[in-house]
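Okay, here's what each chain looks like letter by letter:
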Amino acid sequence: MAGTEQDENWMWRAIHVAREAERLGEVPVGAVLVGSDGKILAATSNRTIKNIDPTAHAEILALRTAAIRVGNYRLAGTTMYSTIEPCAMCAGALIHARVARLVYGAADERFGAAETRFRICDSPELNHRMEITSGVLEDKCRSLMQEFFKARR
């Protein structure tokens, strides 16, 4: 499913922050959280190595930053842009934060928990569901990851 021009603009920002992670030797995942007013609340990338924290995924860091910025752990009406489909931890955090919409670039065949593996973000078993748009700048997002891992082999 393709997104809008606005989705692509925000995904380019997520790709930019993902490249920052790559320069630090982190897995290049970027996340941008946008408020219902269309203003950016957070733009972060993976920092698991730098922060010595297995939970320091881009999406988690974006949620933490935005929650502090707005003064509430509920981030209703927001949209999360992620270069890669969120894992189970991140998808669960998006649900708990009440994010309204998830837009991601490339699916994660191994760990993707929004649609590929577990469908956490729109599960009828949970008390919150979000709109999901996938495949926004998919080739760019996928190649970013593939090139990173190819260089490490």
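Notes on the structure follow. Predicted model, so just to flag it, every value in this text is computed and none were measured. (Residues numbered from 1 in each chain as written. Predicted model: local features only at pLDDT ≥ 70, side-chain atom pairs only at ≥ 80, totals over all residues. Heavy atoms only, no water.)

**As for the environment of aspartate 7**
As for its placement among the helices and strands, aspartate 7 is situated in helix 1 (residues 5-23). In this structure aspartate 7 touches Tyr81, Arg101, Val103, Thr133 and Val136, once residues within four positions along its chain are discounted. (Helix = DSSP H or I, 4+ residues; strand = E, 2+ residues; numbered from the N terminus. Contact = heavy atoms within 4.5 Å.)

**What about the pattern of salt bridges?**
Applying the stated criterion to the full structure yields six salt bridges. Residue arginine 101 is joined to glutamate 131 by a salt bridge in which the shortest nitrogen-to-oxygen separation is 3.3 Å. Linking arginine 101 in strand 4 (residues 101-106) with glutamate 131 in strand 5 (residues 131-134), this pair joins segments that are 30 residues apart in sequence. The exposure class of glutamate 131 is partly exposed, given its relative accessible area of 48%. (Salt bridge = Lys/Arg side-chain N within 4 Å of Asp/Glu carboxyl O. Buried < 20%, exposed > 50% of the residue type's maximum accessible area, 1.4 Å probe, protein only.)

**As for the nonpolar core**
Residues Met11, Leu33, Leu63 and Met80 are the most contacted members of the largest nonpolar core, which totals 44 residues. Looking at this core, the elements with two or more residues in it are helix 1, strand 1 (30-34), strand 2 (40-45), helix 2 (58-70), strand 3 (79-84), helix 3 (88-97), strand 4 and helix 4 (138-152). Looking at which element gives the most residues to this core, the answer is helix 3, with six residues. For methionine 11, the residues in contact, after removing those within four places along its chain, are Tyr81, Ser82, Thr83, Val103, Tyr104, Gly105, Val136, Leu137 and Cys141. (Core = buried A, V, L, I, M, F, W, Y, C linked by side-chain atoms within 4.5 Å.)

**Re unusual backbone geometry**
Its identity as a non-glycine residue notwithstanding, isoleucine 52 has a phi of 50°, on the positive side. Within the secondary structure, isoleucine 52 sits in the loop between strand 2 and helix 2. For arginine 119, which is not glycine, the phi dihedral falls at a positive 55°. Mapped onto the fold, arginine 119 is located in the loop between strand 4 and strand 5.

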